[in-house]
Amino acid sequence: MCRCALPSDPPVETIHTIAWMKQVAREARAKERILGFVPTMGALHEGHLSLIREAQKGCSPVVASIFVNPTQFGPTEDFQKYPRTLEADRAVLEGLGVEYLFHPSREEMYPNSFRTSVSVEALGERLEGRSRPGHFRGVTTVVLKFFEIIQPRFAFFGRKDAQQARIIRQMAGDLNSDAQIVVCPIVREQDGLALSSRNAYLSEAERRAATALYEGLDALRKDVDSGTLDAARLLTELRRVMDARAGVAIEYTEIVDAETFEPVVSLRRTCYALVAALVGKTRLIDNALIEQDGESFRVTL
Ligand code: PAJ
């Protein structure tokens, strides 16, 4: 766990305006400092902190952003009730020694005159893109704005949102961004549940049921370990394990190629097994990374 801020910790500088953020980033670049950037929507947990720690290994200064981005939420989604815990988040960032917190207002990021969006074709249309129309356009647009403002050398994302990370890497490459995209492992609770700001919505009973996603992926891991390569067979067992849990409604389970995010018939090269499910009213996602290792495959949860 992270420690709380101590009085001796240097305060994190909170930046609200784009002009000031640009100025700070420009000065850091002029001094040839290696700027690392960790975008978040706040309600920080150990998953977010793992990205910050990874950034701190090779970058200084590190800029974390907290911005609950309205354009990536659908009209019936949880934008209004999304957890906002700014003071606690700031204390956590201070405890970690993060230099800058970029926390712009909605008006600062999207003035009334705002008209532009960017979207990545094909990769953003399936899976999360199908379940949440417009979501990835909102994500890529805000991340591109951050990249333009901060111009980081490295930007850190979680494999928890594997499709998001893949789409952002595509965008950064296509648009010749200098930001190198670093994808970090999934941080999980002891019982396997992937940390997520949305876990806060779960009742006690839902919290227990929510491990179904991990358990399904863990069953898949065991099947892969014992030599199953056929995607349909792997998914049947994954779904059987998830379905055994009351209160969990599967939205999708797929095994996709890690580059194209198109379904595979049989394991090859690098794949993801992706799951999305509703636990009560809370939508959760999780995945396993499946990598070829000689003749066999290794699954990382
Ligand atoms: P948010 O959900 O706050 O997540 C911020 C970053 O933390 C993302 O890169 C996400 O993949 C990573 N993350 C979340 N849970 C994690 C876990 N359990 N282990 C490791 N990393 C984890 O993703 C977003 O915000 C937004 O879409 C954003 C990129 C900030 C654009 O608005």
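All of these numbers come straight from a predicted model, not from anything done at the bench.

Participant: What exactly am I supposed to notice about the overall build of the protein chain here?
Facilitator: Each helix and strand counted, the protein chain has 10 helices and 10 strands in total. Here the C-alpha atoms of the protein chain give a radius of gyration of 20 Å, agreeing with the 19 Å that 2.2 N^0.38 yields for 301 residues. Counting only C-alpha atoms and orienting by the principal axes, one finds that the protein chain spans roughly 55 × 40 × 40 Å. A buried classification covers 53% of the 301 residues belonging to the protein chain. Within the protein chain, contacts between residues separated by at least 24 positions form 71% of all contacts whose residues are at least 6 apart in sequence. Here the protein chain displays about 14600 Å² of accessible surface, and carbon together with sulfur accounts for 50% of that area. Looking at charge distribution, the protein chain has the averaged site of its 38 positive side-chain charges lying 2 Å from that of its 41 negative ones.

Participant: What is the right way to read the side chain of T40 from this model?
Facilitator: Along the chain, the position of T40 falls in strand 2 (residues 36-40). Relative accessible area serves as the criterion here: at 8%, T40 is assigned to the buried category. A polar contact of 3.0 Å, which involves the side chain of T40, links it to the backbone nitrogen of G42. For T40, the residues in contact, after removing those within four places along its chain, are H48, S65, I66 and F67.

Participant: Would you take a moment to explain the pairing of strand 8 (residues 270-279) for this structure?
Facilitator: On any regular strand, side chains alternate: one points to one face of the sheet, the next to the other face. Of all 10 residues making up strand 8, eight are buried, and the element is well covered by its neighbours. In the sheet, strand 7 (residues 248-257) pairs with strand 8 via nine bridges, with the strands oriented antiparallel. What sits directly across from V248, in strand 8, is V279. Pairing between strand 8 and strand 9 (residues 282-293): 10 bridges, direction antiparallel. Within the sheet, the bridge partner assigned to A276 lies in strand 9 and is I285. Linking strand 8 back to strand 9 in an antiparallel pair, the connection comprises two residues, with G280 at a positive phi of about 60°.

Participant: Help me understand the layout of surface pockets, please; the structure alone is not making it clear to me.
Facilitator: Reported here for the second largest pocket is a volume of approximately 250 Å³. Around the second largest pocket sit 13 residues that line it, and F147, Q151, P152, D178 and A179 are the ones nearest its centre. The dominant element in the lining of the second largest pocket, judged by the number of residues it contributes, is helix 6 (residues 135-150), at three residues. Among the residues making up the lining of the second largest pocket, the classes are represented as five nonpolar, two polar and six charged.

The rules we used
Residues numbered from 1 in each chain as written. Predicted model: local features only at pLDDT ≥ 70, side-chain atom pairs only at ≥ 80, totals over all residues. Heavy atoms only, no water. Helix = DSSP H or I, 4+ residues; strand = E, 2+ residues; numbered from the N terminus. Rg over C-alpha atoms; globule rule 2.2 N^0.38 Å. Buried < 20%, exposed > 50% of the residue type's maximum accessible area, 1.4 Å probe, protein only. Contact = heavy atoms within 4.5 Å. Areas by Shrake-Rupley, 256 points an atom, 1.4 Å probe, with all protein chains shown as cover. Lys, Arg positive; Asp, Glu negative; His and termini not counted. Charge placed at Lys NZ, Arg CZ, Asp CG, Glu CD. Polar contact = N/O pair within 3.5 Å; in protein donor to acceptor, adjacent residues only side chain to side chain. Pairing = 2+ DSSP bridges. 1 Å grid on protein atoms, 1.4 Å probe; cavity = no way out; pocket = protein on both sides within 12 Å on 5 of 7 lines; lining within 4 Å. Points joined across faces, edges and corners; volume = space filled by probe spheres on them. Nonpolar A, V, L, I, M, F, W, Y, C, P; charged D, E, K, R; others polar.

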